[in-house]
Amino acid sequence: MSKLTILLYPDKRLHTVATPVLRVNDEIRNLIKDMGDTMYGAPGVGLAATQVDVHQRIIVIDTSPARDNLRVFINPEIVEANGVADCEEGCLSVPGIYEKTQRAQHVRVRALDATGATFEHEADGLEAVCIQHEMDHLEGKVFVERLSRMKQQRILAKLKKRQRDTE
Ligand code: NI
(Lines give C-alpha, C1' and ligand atoms only; values in the text may rest on other atoms or scores of the structure.)
Protein backbone atom coordinates (compact mmCIF):
# COMPACT_ATOMS: atom_id res chain seq x y z
CA MET A 1 0.00 0.00 0.00
CA SER A 2 1.40 3.35 -0.88
CA LYS A 3 -0.08 6.71 -0.27
CA LEU A 4 0.66 9.59 -2.58
CA THR A 5 1.07 13.23 -1.60
CA ILE A 6 -2.01 15.32 -2.29
CA LEU A 7 -1.38 18.81 -3.72
CA LEU A 8 -2.99 21.55 -1.68
CA TYR A 9 -4.87 24.53 -3.10
CA PRO A 10 -3.67 27.08 -4.23
CA ASP A 11 -0.80 24.97 -5.64
CA LYS A 12 -0.44 26.00 -9.31
CA ARG A 13 0.00 22.38 -10.40
CA LEU A 14 -3.72 21.90 -9.66
CA HIS A 15 -4.36 24.10 -12.71
CA THR A 16 -2.71 21.64 -15.12
CA VAL A 17 -5.04 20.20 -17.77
CA ALA A 18 -4.62 16.41 -17.81
CA THR A 19 -3.91 14.48 -21.01
CA PRO A 20 -5.77 11.32 -22.11
CA VAL A 21 -4.41 7.91 -21.13
CA LEU A 22 -3.24 6.26 -24.35
CA ARG A 23 -2.74 2.76 -23.05
CA VAL A 24 -4.14 1.19 -19.87
CA ASN A 25 -1.11 -0.78 -18.73
CA ASP A 26 0.37 -2.01 -15.44
CA GLU A 27 1.84 1.41 -14.73
CA ILE A 28 -1.66 2.93 -14.90
CA ARG A 29 -3.11 0.07 -12.82
CA ASN A 30 -0.45 0.64 -10.13
CA LEU A 31 -1.24 4.34 -10.13
CA ILE A 32 -4.96 3.55 -9.72
CA LYS A 33 -4.19 1.29 -6.77
CA ASP A 34 -2.11 4.01 -5.11
CA MET A 35 -4.83 6.58 -5.83
CA GLY A 36 -7.38 4.28 -4.14
CA ASP A 37 -5.12 3.85 -1.10
CA THR A 38 -4.60 7.61 -0.95
CA MET A 39 -8.32 8.37 -1.23
CA TYR A 40 -9.38 5.82 1.41
CA GLY A 41 -6.54 6.86 3.70
CA ALA A 42 -7.34 10.59 3.51
CA PRO A 43 -10.28 9.72 3.89
CA GLY A 44 -12.22 11.04 0.91
CA VAL A 45 -14.93 10.01 -1.56
CA GLY A 46 -13.01 10.89 -4.71
CA LEU A 47 -9.59 11.67 -6.08
CA ALA A 48 -8.31 12.85 -9.45
CA ALA A 49 -4.81 12.03 -10.70
CA THR A 50 -4.22 15.80 -10.97
CA GLN A 51 -4.34 16.00 -7.16
CA VAL A 52 -1.37 13.64 -6.84
CA ASP A 53 0.54 15.58 -9.52
CA VAL A 54 -0.02 13.02 -12.28
CA HIS A 55 -1.58 14.84 -15.19
CA GLN A 56 -3.42 12.01 -16.89
CA ARG A 57 -7.18 11.64 -17.15
CA ILE A 58 -7.94 9.23 -14.30
CA ILE A 59 -10.36 9.57 -11.39
CA VAL A 60 -11.33 7.20 -8.61
CA ILE A 61 -14.43 7.51 -6.45
CA ASP A 62 -16.26 5.61 -3.74
CA THR A 63 -19.43 7.12 -2.33
CA SER A 64 -20.73 3.81 -0.94
CA PRO A 65 -21.52 3.84 2.81
CA ALA A 66 -19.38 0.73 3.36
CA ARG A 67 -16.49 2.22 1.32
CA ASP A 68 -16.03 -1.04 -0.54
CA ASN A 69 -16.99 -0.02 -4.06
CA LEU A 70 -14.05 1.65 -5.76
CA ARG A 71 -14.98 3.03 -9.16
CA VAL A 72 -12.29 3.91 -11.66
CA PHE A 73 -12.87 6.15 -14.66
CA ILE A 74 -10.11 6.55 -17.24
CA ASN A 75 -10.61 9.27 -19.89
CA PRO A 76 -14.12 9.98 -18.54
CA GLU A 77 -16.65 11.87 -20.64
CA ILE A 78 -20.08 13.02 -19.57
CA VAL A 79 -22.49 11.90 -22.28
CA GLU A 80 -25.68 12.98 -20.55
CA ALA A 81 -26.40 15.37 -17.68
CA ASN A 82 -29.65 16.63 -16.24
CA GLY A 83 -31.37 18.02 -13.19
CA VAL A 84 -29.87 20.29 -10.57
CA ALA A 85 -28.21 19.05 -7.40
CA ASP A 86 -27.67 21.54 -4.60
CA CYS A 87 -24.97 20.16 -2.43
CA GLU A 88 -22.16 20.97 -0.13
CA GLU A 89 -18.78 20.13 -1.64
CA GLY A 90 -15.40 19.57 -0.12
CA CYS A 91 -12.04 18.56 -1.58
CA LEU A 92 -8.96 16.77 -0.28
CA SER A 93 -6.89 19.57 -1.84
CA VAL A 94 -8.83 22.19 0.13
CA PRO A 95 -9.08 20.53 3.57
CA GLY A 96 -11.71 21.73 5.99
CA ILE A 97 -13.57 23.92 3.48
CA TYR A 98 -17.14 23.01 2.53
CA GLU A 99 -19.24 25.21 0.26
CA LYS A 100 -22.54 24.96 -1.55
CA THR A 101 -22.27 24.48 -5.31
CA GLN A 102 -24.62 23.60 -8.14
CA ARG A 103 -24.09 20.52 -10.28
CA ALA A 104 -26.16 18.21 -12.45
CA GLN A 105 -28.24 15.78 -10.38
CA HIS A 106 -27.83 12.94 -12.85
CA VAL A 107 -24.98 12.08 -15.22
CA ARG A 108 -24.13 9.30 -17.60
CA VAL A 109 -20.38 8.85 -17.95
CA ARG A 110 -18.44 6.95 -20.57
CA ALA A 111 -14.93 5.88 -19.64
CA LEU A 112 -12.38 3.09 -19.78
CA ASP A 113 -12.04 0.69 -16.86
CA ALA A 114 -8.81 -0.69 -15.39
CA THR A 115 -8.66 -3.32 -18.14
CA GLY A 116 -8.97 -0.69 -20.86
CA ALA A 117 -12.55 -1.64 -21.79
CA THR A 118 -15.16 1.05 -22.46
CA PHE A 119 -18.13 1.19 -20.10
CA GLU A 120 -20.96 3.56 -19.23
CA HIS A 121 -22.13 4.38 -15.75
CA GLU A 122 -25.17 6.32 -14.56
CA ALA A 123 -24.90 8.23 -11.32
CA ASP A 124 -27.24 10.37 -9.22
CA GLY A 125 -26.91 12.74 -6.31
CA LEU A 126 -23.69 12.56 -4.31
CA GLU A 127 -22.03 10.15 -6.73
CA ALA A 128 -22.93 12.34 -9.73
CA VAL A 129 -21.63 15.44 -7.95
CA CYS A 130 -18.45 13.62 -7.02
CA ILE A 131 -17.81 12.54 -10.63
CA GLN A 132 -18.31 16.11 -11.88
CA HIS A 133 -16.02 17.46 -9.14
CA GLU A 134 -13.22 15.02 -9.99
CA MET A 135 -13.62 15.64 -13.73
CA ASP A 136 -13.17 19.36 -13.07
CA HIS A 137 -9.78 18.54 -11.53
CA LEU A 138 -8.73 16.96 -14.84
CA GLU A 139 -9.50 20.33 -16.48
CA GLY A 140 -7.32 22.08 -13.92
CA LYS A 141 -10.27 23.43 -11.94
CA VAL A 142 -10.72 23.33 -8.18
CA PHE A 143 -14.30 23.59 -6.86
CA VAL A 144 -13.67 26.81 -4.94
CA GLU A 145 -13.06 28.49 -8.30
CA ARG A 146 -16.76 28.03 -9.05
CA LEU A 147 -17.61 30.28 -6.09
CA SER A 148 -17.87 34.07 -6.03
CA ARG A 149 -14.64 36.07 -5.96
CA MET A 150 -15.41 37.22 -2.45
CA LYS A 151 -15.83 33.67 -1.20
CA GLN A 152 -12.61 32.61 -2.91
CA GLN A 153 -10.71 35.43 -1.21
CA ARG A 154 -12.17 34.48 2.14
CA ILE A 155 -11.12 30.85 1.64
CA LEU A 156 -7.58 31.83 0.58
CA ALA A 157 -7.25 34.05 3.66
CA LYS A 158 -8.47 31.22 5.87
CA LEU A 159 -5.99 28.75 4.35
CA LYS A 160 -3.12 31.23 4.72
CA LYS A 161 -3.99 31.89 8.33
CA ARG A 162 -4.16 28.17 9.03
CA GLN A 163 -0.76 27.69 7.42
CA ARG A 164 0.71 30.44 9.61
CA ASP A 165 -0.84 28.90 12.71
CA THR A 166 0.72 25.51 12.05
CA GLU A 167 4.19 26.92 11.34
NI1 NI B 1 -11.32 17.75 -5.21
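Up top you'll find the structure we're talking about.
Let me sum up the structure you'll find in this document. (Residues numbered from 1 in each chain as written. Predicted model: local features only at pLDDT ≥ 70, side-chain atom pairs only at ≥ 80, totals over all residues. Heavy atoms only, no water.)

Moving on, we get to the coordination of the nickel ion. Those donors, Cys-91 (SG), His-133 (NE2) and His-137 (NE2), are the protein atoms that reach the nickel ion, and they lie 2.0 to 2.2 Å from it. All donors of the nickel ion come from a single chain, and their spacing in sequence reads C-x41-H-x3-H. In this pair, His-133 and His-137 both sit in helix H2 (residues 125–138), four residues apart, roughly one turn of the helix. Since its relative accessible area comes to 0%, His-137 is described here as buried. (Donors = N, O, S within 2.8 Å, 3.2 Å for Na, K, Ca; no water. Helix = DSSP H or I, 4+ residues; strand = E, 2+ residues; numbered from the N terminus. Buried < 20%, exposed > 50% of the residue type's maximum accessible area, 1.4 Å probe, protein only.)

Two strands in a sheet stick together by hydrogen bonds in their backbones, pointing the same way (parallel) or opposite ways (antiparallel). The antiparallel open sheet is built from five strands, whose spatial order is S1-S2-S3-S6-S7. With partners counted over all chains shown, the strands left at the sheet margins are strand S1 (46–48) and strand S7 (118–124), one partner each. Averaged over all neighbouring strand pairs, the angle between strand axes comes to 40°, with direction disregarded. Relative to strand S2 (residues 58–61), S1 runs antiparallel, the two sharing three bridges. (Pairing = 2+ DSSP bridges. Axes fitted to C-alpha atoms, helices over the stretch in contact; angles between N-to-C directions.)

In short, the description is geometric, and any link to function would need to be established separately.
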